[in-house]
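Topology and contacts: notes
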Amino acid sequence: SIEAFVKSILKDAPVNPSLFTCSASFTTPKKAPPGGCWMNFQYTVKESRINPEDGKSYTYDAFKKLYQDSIDGTPNNVALKWQKCRDSIQALEKSLADQDGPRISIARWFMDKVRSKYPPVDVPWSSQPKTLVACDGIQGKLGDGKLSVQWKRL
């Protein structure tokens, strides 16, 4: 299946898999082109920050709850402490990037890994090289029954 193929690539991601989700869809974010399907990547740590004391991601409400009973747990002190915490998605995307490179999304990391494993090839029906992959259980209509994997930000 397509999701099994995607998970086989994502298993090597240098971040905890609980920090993002992915799902295949023919209708989200919009109707897929004929013969196509979308892979949707989402972060599970939206609107969260990393507490430097335990390295975990918290929403503001969960962070407030964590510190409300501490000596410095006044609303103002909690808000100041929260502002000093690093954004969870920024930290996640930085850990996906190469050494000192710029942040990259999990979707971009996925496509980079697919392209490194399956380098794009010239095909007669397109002026652009295509990344072709075999996907168990699905007979593609391209060379050797393969599917084309493409990057699109919508």
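Scroll up a little and you will see the structure.
Quick look at the structure, then. (Residues numbered from 1 in each chain as written. Predicted model: local features only at pLDDT ≥ 70, side-chain atom pairs only at ≥ 80, totals over all residues. Heavy atoms only, no water.)

Let us look at the overall build of the chain. When you go through the chain residue by residue, the secondary structure sums to five helices and seven strands. Secondary structure elements of the chain occur, N-terminal to C-terminal, as α-β-β-β-β-α-α-β-α-α-β-β. Taking 15 Å as the expected radius of gyration for a compact globule of 154 residues, we find that the chain reaches 20 Å, considerably beyond that expectation. Taking all 154 residues of the chain together, the buried fraction comes to 32%. (Helix = DSSP H or I, 4+ residues; strand = E, 2+ residues; numbered from the N terminus. Rg over C-alpha atoms; globule rule 2.2 N^0.38 Å. Buried < 20%, exposed > 50% of the residue type's maximum accessible area, 1.4 Å probe, protein only.)

Moving on, we come to the packing of aromatic side chains. Here the distance between the centres and the angle between the planes together describe a pair of aromatic rings. Inspection of the entire model under this criterion finds seven aromatic pairs. Ring centres 6.4 Å apart and planes at 65 degrees place the aromatic pair tyrosine 58 and phenylalanine 63 in the edge-to-face group. Taking the relative accessible area as the measure of exposure, tyrosine 58 reaches 14% and is therefore buried. Assessed through its relative accessible area of 1%, phenylalanine 63 is described here as buried. (Phe/Tyr/Trp six-rings, centres within 6.5 Å; stacked < 30°, edge-to-face > 60°.)

Among all positions of helix H4 (residues 88–96), only Ser88, Ile89, Ala91, Leu92, Glu93 and Leu96 are buried. Next to the buried residues of H4 lie strand E2 (38–43), strand E3 (48–50), strand E4 (57–59), strand E5 (86–87) and helix H5 (106–117). For H4, the side-chain oxygen to backbone nitrogen distance between the N-cap and isoleucine 89 is 3.1 Å, and the N-cap itself is aspartate 87. (Contact = heavy atoms within 4.5 Å. Polar contact = N/O pair within 3.5 Å; in protein donor to acceptor, adjacent residues only side chain to side chain.)

In this section: the side chain of lysine 130. Structurally, lysine 130 can be placed in the loop between H5 and strand E6 (131–133). When near neighbours in sequence (up to four residues on either side) are disregarded, lysine 130 contacts Pro119, Pro120, Val121, Val123, Ser148 and Gln150.

As a further point, take the state of the cysteines. According to the stated counting rule, one finds zero disulfides in the structure shown. The cysteine cysteine 135 is free of any disulfide, with cysteine 37 supplying the nearest cysteine sulfur at 9.1 Å. (Disulfide = S-S within 2.5 Å.)

This paragraph deals with the nonpolar core. Residues Phe5, Leu10, Ile106, Trp109 and Phe110 are the most contacted members of the largest nonpolar core, which totals 22 residues. Ranked by the residues each element gives to this core, the list is headed by H5, at five residues. When near neighbours in sequence (up to four residues on either side) are disregarded, isoleucine 106 contacts Leu10, Ala13, Phe20, Phe41, Tyr43 and Leu96. Core analysis: the second largest hydrophobic core is formed by six residues, Tyr58, Tyr67, Trp82 and Cys85 among them. (Core = buried A, V, L, I, M, F, W, Y, C linked by side-chain atoms within 4.5 Å.)

So, on to the sheet that holds E5. The three strands are arranged E4-E3-E5 in an open sheet whose pairing can be described as antiparallel. Whereas interior strands pair on both sides, the edge strands pair on one side only; in this sheet they are E4 and E5. (Pairing = 2+ DSSP bridges.)

Moving on: unusual backbone geometry. Of the consecutive residues threonine 28 and proline 29, the connecting peptide bond is found in the cis state with omega at 15 degrees. Of note, proline 29 is situated in the loop between strand E1 (20–25) and E2. Phi is positive for glutamate 47, close to 55 degrees, though the residue is something other than glycine. Relative to the helices and strands, glutamate 47 is located in the loop between E2 and E3.

By secondary structure assignment, the location of serine 95 is in helix H4. Spatially, the C-alpha atom of serine 95 lies 31 Å from that of lysine 146, the residues being 51 residues apart in sequence. Those residues within four positions of serine 95 in sequence are excluded, and the remaining contacts are Pro14 and Val15. Engagement of the side chain of serine 95 in a polar contact is seen with the backbone oxygen of leucine 92, the distance being 2.7 Å.

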